[in-house]
Amino acid sequence: DMKVTQMPRYLIKRMGENVLLECGQDMSHETMYWYRQDPGLGLQLIYISYDVDSNSEGDIPKGYRVSRKKREHFSLILDSAKTNQTSVYFCASSLAGASDYTFGSGTRLLVI
Amino acid sequence: GDQVEQSPSALSLHEGTGSALRCNFTTTMRAVQWFQQNSRGSLINLFYLASGTKENGRLKSTFNSKESYSTLHIRDAQLEDSGTYFCAARNNAGAKLTFGGGTRLTVRP
């Protein structure tokens with residue numbers, strides 16, 4: 001079954017703690033993405049990864065960094081989480097070039 | 001930057017009826033993807049179009065790149081169609097999908 005898997009599904013962290021969100025895909029897609037969704041809004045792009053160690057900032061990269069050491073894994077890291085980073089984070093993947101996205105089920109992060 | 005304007009923002013339908021959702025783009029887009037976000041928050045891929053029209057069951061989507069819009073038609077709406085529908089479009093420059101603000105659809109008995 002081709003899918004994008006995100007872990008964990010739910011996470012509560014205190015302000016200032018480090019946060020690691022993990023994403024995996026089993027479709028050998030070259031391109032992977034991290035988005036966040038806030039209440040009543042669409043999704044905003046944080047980072048794109050075009051392949052291993054080939055990452056680019058999206059529209060709202062401030063406060064985040066990413067790591068892609070294997071094609072099938074893409075991590076989002078929050079160093080010193082802030083309350084305004086409370087959100088639902090979605091990972092997605094696609095083939096390079098014109099191709100549809102497959103999204104994971106999301107990670108709901110609460111920073112208190 | 002690229003803008004994706006989605007309308008209406010909210011829609012209420014009685015079971016068995018239908019309607020259309022629309023997305024307008026402020027720049028030339030090369031592809032559009034439609035998603036349903038269900039009650040659990042998962043994004044379900046409905047359609048991916050680089051041009052023309054696709055149909056799947058009670059759903060039909062059209063993408064007109066030249067006139068910068070896409071539509072999603074729902075017919076014979078069912079209760080399980082309730083949720084938020086998003087369109088997202090990819091421009092000619094790269095891989096990024098830009099999302100519209102969504103249409104919250106409520107289907108009533």
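Look up a bit, the structure's there.
Residues numbered from 1 in each chain as written. Chains lettered and ligands numbered in written order. Predicted model: local features only at pLDDT ≥ 70, side-chain atom pairs only at ≥ 80, totals over all residues. Heavy atoms only, no water.

## Thoughts on the interface of chain A and chain B
Across the boundary between the two partners, chain A contributes 23 residues, which contact 18 residues of chain B. On inspection of chain A and its partner chain B, the count reaches one salt bridge. Among the ionic pairs, D59 of chain A bridges to K96 of chain B, the shortest N-O distance being 2.7 Å. Across the contact surface, chain A and chain B share nine residue pairs in polar contact (both at pLDDT 80 or more). Of all the secondary-structure elements, those providing two or more residues to the side of chain A that touches chain B are strand 4 (31-37), strand 5 (43-51) and strand 9 (87-94) of chain A. Broken down by class, the residue content of the side of chain A that touches chain B amounts to eleven nonpolar, eight polar and four charged. (Contact = heavy atoms within 4.5 Å. Salt bridge = Lys/Arg side-chain N within 4 Å of Asp/Glu carboxyl O. Polar contact = N/O pair within 3.5 Å; in protein donor to acceptor, adjacent residues only side chain to side chain. Helix = DSSP H or I, 4+ residues; strand = E, 2+ residues; numbered from the N terminus. Nonpolar A, V, L, I, M, F, W, Y, C, P; charged D, E, K, R; others polar.)

## Notes on the state of the cysteines
Linking two cysteines covalently via their sulfur atoms produces the bond known as a disulfide. Counted by the stated rule, this structure contains two disulfides over all chains. Across the disulfide, C23 of chain A is cross-linked to C91 of chain A (sulfur-sulfur distance 1.9 Å). Torsion about the S-S bond of the C23 of chain A and C91 of chain A cystine: about -75°, corresponding to left-handed handedness. You can see C23 of chain A sitting in strand 3 (residues 19-25) and its partner C91 of chain A sitting in strand 9, a full 68 residues away along the chain. On the accessibility criterion, C23 of chain A (3% relative accessible area) is buried. Two residues, C23 of chain B and C87 of chain B, share a disulfide whose sulfurs are 1.7 Å apart. Between C23 of chain B and C87 of chain B the sulfur-sulfur dihedral comes to about -100°; the bridge is accordingly left-handed. (Disulfide = S-S within 2.5 Å. Buried < 20%, exposed > 50% of the residue type's maximum accessible area, 1.4 Å probe, protein only.)

## Remarks on unusual backbone geometry
For the peptide bond that leads from M7 of chain A to P8 of chain A, omega is -10°, which places it in the cis range. As for its placement among the helices and strands, P8 of chain A is situated in the loop between strand 1 (4-7) and strand 2 (10-13). Notably, D53 of chain A is not glycine yet its phi reads approximately 55°, a positive angle. Structurally, D53 of chain A can be placed in the loop between strand 5 and strand 6 (54-57). Of note, D76 of chain B is a non-glycine position whose phi angle comes to about 50°, a positive value. D76 of chain B gets classed as partly exposed once you look at its relative accessible area, which sits at 35%.

## Side note on the sheet that holds strand 3 (residues 19-25) of chain B
Strand pairs in the sheet, formed through backbone hydrogen bonds, run parallel or antiparallel to each other. All names here are of chain B. Taken in spatial order, the five strands line up as 1-3-8-7-6 in an open sheet, and their pairing is antiparallel. The open sheet has two edge strands with one neighbour each: strand 1 (4-7) and strand 6 (52-56). Mean inter-strand twist for the sheet, computed between neighbouring axes without regard to direction, equals 15°. Judged from the six bridges that link them, strand 7 (residues 59-64) and strand 8 (residues 69-74) form a sheet pairing that is antiparallel. Residue F63 lies in a different strand from strand 8, and its bridge partner there is S70. (Pairing = 2+ DSSP bridges. Axes fitted to C-alpha atoms, helices over the stretch in contact; angles between N-to-C directions.)

## Considerations on the nonpolar core
Residues F25, W34 and L72 of chain B are the most contacted members of the largest nonpolar core, which totals 22 residues. Of all the elements in the fold, those that place two or more residues in this core are strand 2 (10-14), strand 3, strand 4 (29-37), strand 5 (43-49), strand 7, strand 8, strand 9 (83-91) and strand 11 (103-108) of chain B. Beyond its immediate sequence surroundings of up to four residues, F25 of chain B is in contact with Q3, V4, V32, F63, S68, Y69, S70 and A89 of chain B. Of all hydrophobic cores here, the second largest spans 20 residues; its members include V19, M32, I46 and F74 of chain A. (Core = buried A, V, L, I, M, F, W, Y, C linked by side-chain atoms within 4.5 Å.)

## Focus on the pairing of strand 11 of chain B
Residue and element names in this part refer to chain B. Of the two faces of strand 11, the one lined by T103, L105 and V107 is fully buried and the one lined by R104, T106 and R108 carries no buried residue. As paired elements, strand 2 and strand 11 share five bridges and run parallel to each other. Bridged to L13 within strand 11 is V107. Pairing between strand 9 and strand 11: three bridges, direction antiparallel. Along strand 11, the bridge assignment pairs Y85 with T103.

## Topic: the side chain of S49 of chain A
All names here are of chain A. The residue S49 is located in strand 5 in this model. Relative accessible area serves as the criterion here: at 0%, S49 is assigned to the buried category. Within the structure, the side chain of S49 is placed 2.9 Å from the side chain of R68, a separation counted as a polar contact.

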